[in-house]
Amino acid sequence: MPALAQTAWFMADAPRAFESYHRRYGPIFTVRYAGFPPEVYVTTADLAEQVYRTDQSGDSRAGEARRDFLEHMVGAHSVLTLDGEPWWRHRKALNPPLRAKQVAGYHDDIAAIAAEKIATWPLGRPFGLRDRVQEITLEIIIRLIFGITDAGRVRRLHALLPELIETGGSMQVAMLPERVRGLAARAPFLAYGRFLRLRAEVDAILFEEIRRRRAAPGGDDVLGRLLESELGDQELRDELITMLIAGHETTATGLAWAFERILRMPEVLRRLPDDEPYLDAVVREVLRVRPVVYEAPRLLDAPLRLGGYEIPAGWYAGPYIPLVHRDPAAFPAPGEFRPERFLDGHQGKAWMPFGGGRRFCVGAQLALLEMRVIIREVLHRLELTAPDQAPEARRLKNVTLAPAKLTRVIARARTPARTA
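As a starting point, this report considers the structure included with it.

Rules used throughout
- Residues numbered from 1 in each chain as written.
- Predicted model: local features only at pLDDT ≥ 70, side-chain atom pairs only at ≥ 80, totals over all residues.
- Heavy atoms only, no water.
- Salt bridge = Lys/Arg side-chain N within 4 Å of Asp/Glu carboxyl O.
- Helix = DSSP H or I, 4+ residues; strand = E, 2+ residues; numbered from the N terminus.
- Buried < 20%, exposed > 50% of the residue type's maximum accessible area, 1.4 Å probe, protein only.
- Pairing = 2+ DSSP bridges.
- Axes fitted to C-alpha atoms, helices over the stretch in contact; angles between N-to-C directions.
- Left-handed = near helix turned anticlockwise from the far one by under 90°.
- Contact = heavy atoms within 4.5 Å.
- Nonpolar A, V, L, I, M, F, W, Y, C, P; charged D, E, K, R; others polar.
- 1 Å grid on protein atoms, 1.4 Å probe; cavity = no way out; pocket = protein on both sides within 12 Å on 5 of 7 lines; lining within 4 Å.
- Points joined across faces, edges and corners; volume = space filled by probe spheres on them.
- Expected span 1.5 Å × (residues − 1).
- Bend = angle between axes of the 7 residues up to and from the residue.
- Polar contact = N/O pair within 3.5 Å; in protein donor to acceptor, adjacent residues only side chain to side chain.

## A few points about the pattern of salt bridges
Scanning all chains against the criterion turns up 40 salt bridges. Residue E209 pairs with R212 through a salt bridge whose shortest N-O separation is 2.6 Å. Placement of both E209 and R212 in helix α12 (residues 191-215) is noted, with a separation of three residues, approximately one turn of the helix. By relative accessible area, which is 36% here, R212 ends up partly exposed. What you see here is one network of salt bridges that share partners, running through R61, E64, R67, E71, D83, D301 and R359.

Here it is, written out as structure tokens:
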């Protein structure tokens, strides 16, 4: 197919396109997107591990592979877009505030934020759960990552950030070649022009908050801890936006898939939410069968032998994660929803909802904690049912694979509502 046709199919129905490629060509195939180098996708755990191994050999750049699609959002000083020593410097700064022991201290705060938002959910009528849990994850970012408490700034960010993510992550902006962006910036009525205005407003708030916090250091939020590092103001801004992009919409979508799955599996739902090991296994199995992020590409600096082919330098290579997670060599009976496969603590390198290799997502522990806590809070407070028992299809929403109907549910209170 011509590159334009492949690009159009990807934007219209990416899951179906990749399923078709996989059926026709097997575990390794090339996709061409208009305006970008060819990208080779692999669909087995062994081939994915070969791609990730290029992180160690220095034969690829994960940051460069994402730059065209993400730099307009996260900036040039983000762990998502950096490579080499600058990437390692940022990664070392981010590791301490985001390691499992540190984020565990946010448990009660996450539970309180979730309870506050759940209390506002409509009862007795269908609604899209994904948008509701996204309000929770946004509040977590603002309070626990950014550490912003000023009521006016919080309100303004609640208005700006969802639109910033929606506009900046849209295919019309993310797939816009760099050489075209300069022209698009001069057309304020286009999506890219709107995105630039939103980004400028959000940046003004974040830079002001960084300046304020430098003058009065401290705090248990992630920004407070990052201020102890040597990162400059622009670097801090870029990493804050990175945590927003990587930890807000993605975690909300993972939660939406969790409820979309378990509401159709009464035998799973019965064991939740107070069996903690099982809850953790359910979260991991959800992210296996419905991974939110679909790829983790590398830009090759040297030719790479994969599956009997030689992939040229200058091409992209990476796993198509939904199909890797269905590799029977890595996950026996991959079509079955089996949380038990994770109960022994073994997940293996084939489980990659947060990427793999050296570029494994630094915020993974926070995302997993959020999912466990929010699922538990929802199930303690509400009885949820799915108005339609048919599974929801996957559709590309910004940079994630989301439930097509945003996880339609009907909620009923588990305890009588209190009167005013």
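## Some points on the sheet that holds strand β9 (residues 382-385)
Taken in spatial order, the three strands make up an open sheet running β4-β12-β9, and their pairing is antiparallel. Looking at which strands have only one partner, the edges of the open sheet turn out to be β4 (126-128) and β9. Direction aside, neighbouring strands of the sheet carry axes that sit 45° apart on average. Pairing of β9 with strand β12 (residues 408-413), which is carried by four bridges, proceeds in the antiparallel orientation. Looking at the pairing, E383 lines up with R412 of β12.

## Describing the packing of helix α16 (residues 276-289) against helix α18 (residues 364-381)
Between two packed helices, what matters for the description is the angle formed by their axes and the separation of those axes. At a minimum axis separation of 10 Å, α16 and α18 run at an interaxial angle of 115°. Crossing hand, α16 versus α18: right-handed. Of α18, the residues touching α16 (which contributes E276, L279, D280, V283, R284 and L287) are L368, M371, R372, I375 and R376. Per-class residue counts for the contact of α16 with α18 are six nonpolar, no polar and five charged.

## A look at empty space enclosed by the protein
Within this structure, the stated rule accounts for two cavities of 30 Å³ or more. In this model, the second largest cavity occupies a volume close to 80 Å³. Looking at the second largest cavity, the residues that line it are F69, L70, H72, M73, I165, G168, G169, A174, I245, E249, N398 and V399. Elements supplying a minimum of two residues to the lining of the second largest cavity: α4 (62-74), α9 (151-168) and α14 (233-262). If you tally residues by element for the lining of the second largest cavity, the top one is α4, at four residues.

## Focus on the sheet that holds strand β2 (residues 39-42)
Across the sheet, five strands lie side by side as β1-β2-β8-β5-β3; this open sheet has mixed pairing. Lying at the two open borders of the sheet, with one neighbouring strand each, are β1 (28-31) and β3 (60-61). With two bridges joining them, β3 and strand β5 (residues 298-300) adopt antiparallel strand pairing. Paired with R61 across the bridge in β5 is L299. Together, β2, β5 and β8 (316-319) form the strand contacts of helix α2 (residues 45-52), whose direction differs from that of β8 by roughly 135°.

## Side note on α9
Compared with an ideal rise of 1.5 Å per residue, which puts 18 residues at 26 Å, α9 spans 25 Å between its outermost C-alpha atoms and is within 8% of the ideal. Where α9 bends most, at L157, the angle is about 25°. All buried positions along α9 are accounted for by V154, L157, L160, L161, L164, I165, T167 and G168. Those residues of α9 that are buried are in contact with α4, α8 (129-145), α10 (171-174), α12 and α14. With a side-chain oxygen lying 3.2 Å from the backbone nitrogen of G152, the N-terminal cap of α9 falls on D150.

Everything listed here is a matter of coordinates, which is why it stays silent on function.
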